Amino acid sequence: MEEIKINIQSARIGPGQDGKYQLTLVMPTLPDVEVLRRLLGAEPALACFYDGADITFYLIVSLQQIGKKISIPVNASAGTLKWLQLIERQLVDTISLAHFDGKGGLIRQKGTIKIAIT
C-alpha cells in the first residue's frame, strides 16, 4: 500500500465514549484538517507497528477506499507504549481532528470519524 505524506503535527490517544478511546490527530491549520478529513473517508482502519528495537513506533491509518496509508511516527515512551495495548485490544474506536490556534492551544473540530482496528 502506497504511503501518503501529510504534515500531522502530533497524535494523542485519550478517553473517548462508552469506555473506549479516541485518537486525536493534530494538524497545523484548519485547511490542513479539512484535507485530512476528506482523505480519511468514511471508516479508515488503524493498526500499529513496533519492533521493540527502536525509540519510535508507528500508527498506521489505512485508507481502504483509495488503497493508501498514512504512517504517524510516535516516540516510544512509557506513556505512549500503553497506546499499543489499547489498539491491540480494539479499544480505540474513533479519530478526532484538531489544529493549533496560534497561541499554543488546540482547537478540536466537531465530529469524530469511526475507525476499524486491523
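Cut-offs used in this document
Residues numbered from 1 in each chain as written. Predicted model: local features only at pLDDT ≥ 70, side-chain atom pairs only at ≥ 80, totals over all residues. Heavy atoms only, no water. Pairing = 2+ DSSP bridges. Helix = DSSP H or I, 4+ residues; strand = E, 2+ residues; numbered from the N terminus. Contact = heavy atoms within 4.5 Å. Axes fitted to C-alpha atoms, helices over the stretch in contact; angles between N-to-C directions. Phe/Tyr/Trp six-rings, centres within 6.5 Å; stacked < 30°, edge-to-face > 60°. Buried < 20%, exposed > 50% of the residue type's maximum accessible area, 1.4 Å probe, protein only.

(A) Structural detail: the sheet that holds strand β1 (residues 2-3). Spatial strand order, β1-β6-β5-β4-β10: five strands in an open sheet with mixed pairing. One side of each edge strand has no neighbouring strand; the edge strands of this open sheet are β1 and β10 (116-117). Contacting β4 (45-49), β5 (56-63), β6 (68-75) and β10, helix α2 (residues 81-88) runs over the sheet at an angle of about 35 degrees to β5.

(B) Geometry of the packing of aromatic side chains. Counted under the stated rule, the structure contains two aromatic pairs. Between Y50 and F57 the ring centres are 6.0 Å apart and the planes differ by 70 degrees, which places this aromatic pair in the edge-to-face class. When its relative accessible area of 0% is taken as the criterion, F57 is described as buried. An angle of 90 degrees between the planes, with centres 6.4 Å apart, marks the rings of F57 and W83 as edge-to-face. Pair noted here: F57 is in strand β5 and W83 is in helix α2, with a separation of 26 residues, a long-range link. In this structure W83 comes out as buried when scored by relative accessible area, which is 10%. Taken together, the ring pairs connect Y50, F57 and W83 into an aromatic cluster.

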